[in-house]
Amino acid sequence: DVQLQASGGGLVQVGGSLRLSCTASGSGFTHDDYVIGWYRQAPGKAREEVSCFRTSDGRTEHSNSVRDRFSMSSDIARNTVYLQMNSLKPEDTARYYCAARRNFRTCTILMDYWGKGTLVTVSS
């Protein structure tokens, strides 16, 4: 089993940067293949996928809205993935969640494990 903890959120100005961390405890990511994704949910809006990482080959993907501004990295040995967020916009304001699914190839809303989100607020 995997337990996820997201951290690193906070209040930033438009154009600023944050790096979010997602750390796994329990079995971690090292014994099986996982997809690990970042999702966000703004008040009154549906949860949306932001970025996805595949441990089997290291591939990452990003939603169109963040592709040129966000990047994802990992330190699987330490059971941690990161989301580097640059050039933040007010519409990036949301609670950000990390999630994972074991033995899967693509990110999905039907992830096996969800962490407690971390709030990102971008002020004008």
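Before reading on, note that the structure itself is shown above.
First, a word on what this report is: a plain description of the structure on this page. Since the structure is predicted, the reported quantities are computational estimates derived from the model, not experimental observations.

Digging into the overall build of the chain
When helices and strands are tallied, the chain shows zero helices and eleven strands. Going from the N terminus to the C terminus, the chain shows its helices and strands as β-β-β-β-β-β-β-β-β-β-β. On C-alpha atoms alone, the chain measures out to a radius of gyration of 13 Å, which is about the 14 Å that the 2.2 N^0.38 rule sets for 124 residues. Out of the 124 residues in the chain, the part that is buried amounts to 44%. Expressed as a percentage of contacts within the chain between residues at least 6 apart in sequence, the contacts between residues at least 24 apart total 58%.

Side note on the sheet that holds strand β3 (residues 18-26)
Read from one edge of the open sheet, four strands run β1-β3-β8-β7, paired in antiparallel fashion. The open sheet terminates on both sides in strands that have one partner only, identified here as β1 (2-7) and β7 (70-75). For this sheet, the mean angle separating the axes of adjacent strands, direction not counted, is 20°. Sheet topology note: the β1/β3 ladder contains six bridges and is antiparallel. Paired with Leu 4 across the strands is Ala 24, a residue of β3.

Structural notes on the pairing of β7
Where β7 and strand β8 (residues 80-85) come together, six bridges link them in antiparallel fashion. Bridge pairing links Ser 74 to Val 81 in β8. Where β7 hands over to β8, the hairpin turn is made up of four residues, of which Asn 79 adopts a positive phi near 55°.

A word on the nonpolar core
Formed by 29 residues in total, the largest nonpolar core has its most connected members in Leu 4, Trp 38, Met 85 and Tyr 96. Of all the elements in the fold, those that place two or more residues in this core are β1, β3, β4 (34-41), β5 (48-54), β7, β8, β9 (94-102) and β11 (118-123). Among residues more than four places away in sequence, those in contact with Tyr 96 are Ala 6, Leu 20, Trp 38, Tyr 39, Arg 40, Val 50, Phe 70, Leu 83, Met 85, Gly 117, Thr 118 and Val 120. Residues Val 35, Ala 99, Cys 107 and Met 111 belong to the second largest nonpolar core, which totals six residues.

Some points on the state of the cysteines
Here the structure, examined in full by the defined rule, presents two disulfides. Disulfide pairing places Cys 22 opposite Cys 98 at an S-S distance of 2.1 Å. Here Cys 22 and Cys 98 share a disulfide; its torsion about the S-S bond, 70°, makes the bridge right-handed. One end of the pair, Cys 22, is in strand β3; the other, Cys 98, is in strand β9, and 76 residues separate them in sequence. We note that Cys 22, like Cys 98, is buried. Two residues share a disulfide in this structure: Cys 52 and Cys 107, whose sulfurs sit 1.8 Å from each other. Where Cys 52 bonds to Cys 107 through sulfur, the torsion about that S-S bond is close to 90°, and the disulfide is right-handed. With Cys 52 in strand β5 and Cys 107 in the loop between β9 and β10 (113-114), the pair connects residues that are 55 residues apart, well separated along the chain. By sequence order of its bonded cysteines, the chain has the disulfide arrangement 1-3, 2-4.

Rules behind the numbers
In every chain, residue numbers begin from 1 and rise along the written sequence. Since the coordinates come from a predicted model, pLDDT governs what is reported: local features require at least 70, and pairs of side-chain atoms require 80 or more to be given and counted, while whole-chain, interface and lining totals use all residues. Calculation of side-chain values draws on the structure's entire complement of heavy atoms; hydrogens and water are dropped beforehand. A helix here means a DSSP run of H or I that spans at least four residues, while a strand means a run of E at least two residues long, and both kinds are numbered starting from the N terminus. For a compact globule the rule gives 2.2 Å times the number of residues to the power 0.38, and the radius of gyration it is set against comes from C-alpha atoms. Relative accessibility under 20% of the residue-type maximum defines a buried residue, over 50% an exposed one, and the middle range a partly exposed one, all with a 1.4 Å probe and only protein chains included. Contacts were defined at the residue level, with two residues in contact if any of their heavy atoms lie within 4.5 Å. Strand pairing requires that DSSP identify at least two bridges connecting the strands. Angles shown run from 0 to 180 degrees and are taken between the N-to-C directions of axes, each axis being a line fitted to C-alpha atoms and, for helices, limited to the stretch in contact. Only buried Ala, Val, Leu, Ile, Met, Phe, Trp, Tyr and Cys residues count toward a nonpolar core, and they belong to the same one when joined by side-chain atoms within 4.5 Å. When two cysteine sulfur atoms are found within 2.5 Å, that pair is recorded as a disulfide.

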